[in-house]
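In case you want the letters, here they are:
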Amino acid sequence: MQPGLWLLLAAQLAALRGSSVLQQVPVSIMVQTNQMVTMSCEVRTSPTSTRIYWLRQRQAPSPDSHHEFLAFWDPKKGIVYDQMAEQEKLTVFPGTTRSILNLTRLNPTDSGVYFCMTIGNPQLTFGKGTRLTVVDVLPTTAQPTRKTTPKKRVCRFPIQVTQKAPSCGPLTLSLLVAGVLVLLVSLGVAIHLHRLRRRARLRLLQQFYK
């Protein structure tokens, strides 16, 4: 295909939005250098052309964006590359209504938005694009920081220790029992002496009144 035609397609591509007729996956992908990626483009309706073209936009879509043709599959010729395409890194796998683009040995200069496209008469249909980002080191997902909850201070009051009374040992109990017995004996003796004195007084009174 003539270079002038691809320049015209690139200009139209900058003004058109992706169509749901061509389902392109994935939407975006990020890989490390020297890795491989695969993109797929499927025609949802009966196409007017069996050819699915692959293009690349090296920067964010804008009126000044530069588009470049990469390759397409021709049933008779096989893979048809652009003269500037790196054929050793790019492969197109054909299908009746589907095309798969495989890229290998990627580097950061391969980053961009990759579009698939079909040519009608005269309508052009584009996929919504696959944004490819090639980095040397994949960004790591930051772990969520855990908030440390301060420990509550517990005020502890001093525990009052109650002094226990001395336990009553066997010796103490013996002394108590002996004291009680002495009191009982003393009380008995006092009662007995009181009775003797009373009897003696009664006898004296009886002798006096005789």
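See the structure above.
For the structure given in this document, a descriptive report is provided here.

Parameters at a glance
Residues numbered from 1 in each chain as written. Predicted model: local features only at pLDDT ≥ 70, side-chain atom pairs only at ≥ 80, totals over all residues. Heavy atoms only, no water. Helix = DSSP H or I, 4+ residues; strand = E, 2+ residues; numbered from the N terminus. Buried < 20%, exposed > 50% of the residue type's maximum accessible area, 1.4 Å probe, protein only. Contact = heavy atoms within 4.5 Å. Areas by Shrake-Rupley, 256 points an atom, 1.4 Å probe, with all protein chains shown as cover. Patch = residues over 30% accessible without salt bridge, like charges linked within 9 Å, V, L, I, M, F, W, Y side chains within 5 Å. Salt bridge = Lys/Arg side-chain N within 4 Å of Asp/Glu carboxyl O. Phe/Tyr/Trp six-rings, centres within 6.5 Å; stacked < 30°, edge-to-face > 60°. Pairing = 2+ DSSP bridges. Axes fitted to C-alpha atoms, helices over the stretch in contact; angles between N-to-C directions. Core = buried A, V, L, I, M, F, W, Y, C linked by side-chain atoms within 4.5 Å. Disulfide = S-S within 2.5 Å.

A look at the overall build of the chain
Per the secondary structure count, the chain includes two helices and 11 strands. Across the chain, helices and strands are ordered from the amino to the carboxyl terminus as α-β-β-β-β-β-β-β-β-β-β-β-α. Out of the 210 residues belonging to the chain, those deemed buried represent 26%. In the chain, 57% of the contacts between residues at least 6 apart in sequence involve partners at least 24 apart. Carbon and sulfur atoms make up 58% of the accessible area of the chain, which totals about 16,600 Å².

Topic: a nonpolar patch on the surface
On the surface, Val 177, Val 180, Leu 181 and Leu 184 cluster together into a nonpolar patch covering about 380 Å² of accessible area. Structurally, the position occupied by Leu 181 is in helix 2 (residues 170–208). Residue Leu 181 is classed as partly exposed on the basis of its relative accessible area, which comes to 49%.

Topic: the side chain of Lys 89
Along the chain, Lys 89 turns up in the loop between strand 6 (78–81) and strand 7 (90–93). Residue Lys 89 is classed as buried on the basis of its relative accessible area, which comes to 8%. When sequence neighbours within four positions are dropped, the list of residues in contact with Lys 89 reads Asn 102, Leu 103, Thr 104, Arg 105, Leu 106, Asn 107 and Asp 110.

What to know about the packing of aromatic side chains
Applying the stated criterion to the full structure yields three aromatic pairs. Between Tyr 53 and Phe 72 the ring centres are 4.7 Å apart and the planes differ by 50°, which places this aromatic pair in the tilted class. Here Phe 72 lies in strand 5 (residues 67–74) and Tyr 53 lies in strand 4 (residues 53–57), a separation of 19 residues in the sequence. Judged by its relative accessible area of 6%, Phe 72 is buried. Ring centres 5.9 Å apart and planes at 40° place the aromatic pair Phe 69 and Phe 72 in the tilted group.

Quick word on the sheet that holds strand 1 (residues 22–25)
Here four strands make up an open sheet; going across it, the order is 1-3-8-7 and the pairing antiparallel. Each end of this open sheet is capped by a strand with a single partner; those strands are strand 1 and strand 7. When the angles between neighbouring strand axes are averaged without regard to direction, this sheet yields 15°. Sheet topology note: the strand 3 (residues 37–43)/strand 8 (residues 98–103) ladder contains six bridges and is antiparallel. Residue Met 39 lies in a different strand from strand 8, and its bridge partner there is Leu 101.

Details of the nonpolar core
In this structure, Met 39, Trp 54, Leu 101, Leu 103 and Leu 132 are the most contacted members of the largest nonpolar core, which totals 19 residues. Secondary structure elements with two or more residues in this core: strand 3, strand 5, strand 7, strand 8, strand 9 (112–119) and strand 11 (130–135). At four residues, the largest contribution of residues to this core is made by strand 3. Judged by nonpolar contacts, the second largest core, of seven residues, contains Tyr 53, Leu 55, Met 117 and Phe 126.

Observations regarding the state of the cysteines
Between two cysteines, a covalent bond joining their sulfur atoms is known as a disulfide. In total, this model carries one disulfide according to the counting rule given. Across a sulfur-sulfur distance of 2.0 Å, Cys 41 and Cys 116 are joined as a disulfide pair. Handedness of the Cys 41-Cys 116 disulfide follows from its S-S torsion of about 65°: it is right-handed. You can see Cys 41 sitting in strand 3 and its partner Cys 116 sitting in strand 9, a full 75 residues away along the chain. There is no split in this pair, since Cys 41 and Cys 116 are both buried.

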